Amino acid sequence: MHELSLAMSLLEVCEEEATRIGVKKIKTLIVEVGELSGVSVPALDSAFGIASRGTVAEGAALSIRNMPGTGWCLSCERAVRIQDPFRSCPDCGGSRILPTGGMEFCLKEFVCD
Ligand SMILES: [Zn+2]
């Protein structure tokens, strides 16, 4: 289960940061999830609910920021919008696209009491 390990890594960062700044309870986590990251947000949400029990982030809400998928088409030599990493270029139909954005999965910040 991919999402469970992602939830655990979020919690690890939370625990570390909370200890460092002396926070006892985290209310909301702001997480950037790229369109091309392959992360299922509902699966992440439920995995997080389970994995956060007994941690500083127990009961915390995940606030997801969806990051758009972008790529660079080597044939058109310009930036294109893509919704999955194996998609061909919407303009020329070519498959030589370098993903340039949308692979994000990171904790941006958290909100505490
Ligand atoms: Zn193209």
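Look above for the structure.
Draft legend 1. Region of the structure containing the coordination of the zinc ion. In this structure, Cys-73 (SG), Cys-76 (SG), Cys-89 (SG) and Cys-92 (SG) serve as the protein donors to the zinc ion, at separations of 2.1 to 2.3 Å. The motif formed by the donor residues of the zinc ion, counted along the single chain, is C-x2-C-x12-C-x2-C. Given the relative accessible area of 0%, Cys-73 is considered buried.

Draft legend 2. The arrangement of the sheet that holds strand S6 (residues 105–112) in detail. Judged by pairing direction, the sheet is mixed, and its three strands sit side by side in the order S2-S1-S6 without closing on themselves. With partners counted over all chains shown, the strands left at the sheet margins are strand S2 (61–67) and S6, one partner each. Averaged over neighbouring strand pairs, the angle between their axes works out to 20° when direction is ignored. Across seven bridges, the pairing between strand S1 (residues 26–34) and S2 is parallel. Across the sheet, the residue bridging to Leu-29 is Leu-62, located in S2. Docked against the sheet, helix H1 (residues 2–21) engages S1, S2 and S6, running at close to 45° with respect to S6.

Draft legend 3. Up close: helix H2 (residues 41–51). Inspection of H2 places Leu-44, Ala-47, Phe-48 and Ala-51 among the buried residues, and these make up the whole buried set. Seen along its axis, H2 keeps its buried residues to an arc of 100°; they face one direction. Exposed positions of H2 whose direction lies more than 90 degrees from the buried face are Pro-42 and Ile-50. Against H1, S1, S2 and S6 lie the buried residues of H2. For H2, the N-terminal cap is Ser-40; the gap from its side-chain oxygen to the backbone nitrogen of Ala-43 is 3.3 Å.

What counts and what doesn't
- Residues numbered from 1 in each chain as written.
- Predicted model: local features only at pLDDT ≥ 70, side-chain atom pairs only at ≥ 80, totals over all residues.
- Heavy atoms only, no water.
- Donors = N, O, S within 2.8 Å, 3.2 Å for Na, K, Ca; no water.
- Buried < 20%, exposed > 50% of the residue type's maximum accessible area, 1.4 Å probe, protein only.
- Pairing = 2+ DSSP bridges.
- Helix = DSSP H or I, 4+ residues; strand = E, 2+ residues; numbered from the N terminus.
- Axes fitted to C-alpha atoms, helices over the stretch in contact; angles between N-to-C directions.
- Contact = heavy atoms within 4.5 Å.
- Arc of directions from axis to C-beta.
- Polar contact = N/O pair within 3.5 Å; in protein donor to acceptor, adjacent residues only side chain to side chain.

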